[in-house]
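Observations on the three-dimensional arrangement
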Amino acid sequence: MAREVACKRCKAVTIGKVCPVCKSTDLSPDWSGIILIFDPAKSRVAATLDIILPHKYALKVA
Ligand SMILES: [Zn+2]
């Protein structure tokens, strides 16, 4: 199974080489915590983390 990486810019978690959310290639394998955002507009957590798109995000990215 491919190791998941997290985007340093928006914290989205992906197994690809490019962030599916902000298209950044600045990805880190060193992250922790996971949060699923389904409806950013209604999520207080999403607002806190500046999340706009529904996706899987890391809580901390090193
Ligand atoms: Zn990103």
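Every chain is numbered independently, its residues counted from 1 as its sequence is written. In keeping with the predicted nature of the model, local features appear solely for residues at pLDDT of at least 70, side-chain atom pairs appear and are counted solely at 80 or more, and the whole-chain, interface and lining totals rest on all residues. Here the side-chain values reflect all heavy atoms present in the structure, with hydrogen atoms and water set aside.

In this analysis a donor is any N, O or S atom within 2.8 Å of a metal ion (3.2 Å for sodium, potassium and calcium), and since water is not included, sites may seem incomplete. Those protein atoms acting as donors to the zinc ion are Cys-7 (SG), Cys-10 (SG), Cys-19 (SG) and Cys-22 (SG), and they sit at 2.2 to 2.3 Å. For a four-donor site, all angles between 85 and 135 degrees give tetrahedral; for four or six donors, opposite pairs above 155 degrees with the remaining angles between 65 and 115 give square planar or octahedral; all remaining cases count as irregular. The site at the zinc ion holds four donor atoms, and with the angles between them running 103 to 116 degrees, its shape is tetrahedral. Each donor residue of the zinc ion lies on the same chain, and together they follow the pattern C-x2-C-x8-C-x2-C. One end of the pair, Cys-7, is in strand β1 (residues 5-7); the other, Cys-19, is in the loop between β2 (13-14) and β3 (27-28), and twelve residues separate them in sequence. The class of Cys-7 is buried, set by a relative accessible area of 0%. Working definition: helices are DSSP H or I runs of at least four residues, strands are E runs of at least two. Numbering for both runs from the N terminus. Burial classes: relative accessible area under 20% of the type maximum marks a residue as buried, over 50% as exposed, and values in between as partly exposed (1.4 Å probe, protein chains only).

Listed in full, the eleven residues of the largest apolar core are Val-5, Cys-7, Cys-10, Ala-12, Cys-19, Leu-27, Ile-35, Ile-37, Ala-46, Ile-51 and Tyr-57. Elements with a minimum of two residues in this core: β1 and β4 (31-37). Contact definition: two residues touch when any of their heavy atoms are within 4.5 Å. Excluding its chain neighbours within four sequence positions, the residues that come into contact with Ile-37 are Ser-43, Ala-46, Ile-51, Pro-54, His-55 and Tyr-57. Take the buried residues of types Ala, Val, Leu, Ile, Met, Phe, Trp, Tyr and Cys, join any two whose side-chain atoms come within 4.5 Å, and each joined set is a nonpolar core.

Right, let's talk about the side chain of Ser-24 for a bit. In this structure, Ser-24 sits in the loop between β2 and β3. Residues adjacent in sequence count toward polar contacts only when both atoms are side-chain atoms; beyond that, a polar contact is any pair of N or O atoms within 3.5 Å, and within protein one must be able to donate a hydrogen and the other to accept it. A distance of 2.9 Å separates a polar side-chain atom of Ser-24 from the backbone nitrogen of Asp-26. The residues touching Ser-24, leaving out its near neighbours within four places in the chain, are Cys-7, Arg-9, Val-18 and Cys-19.

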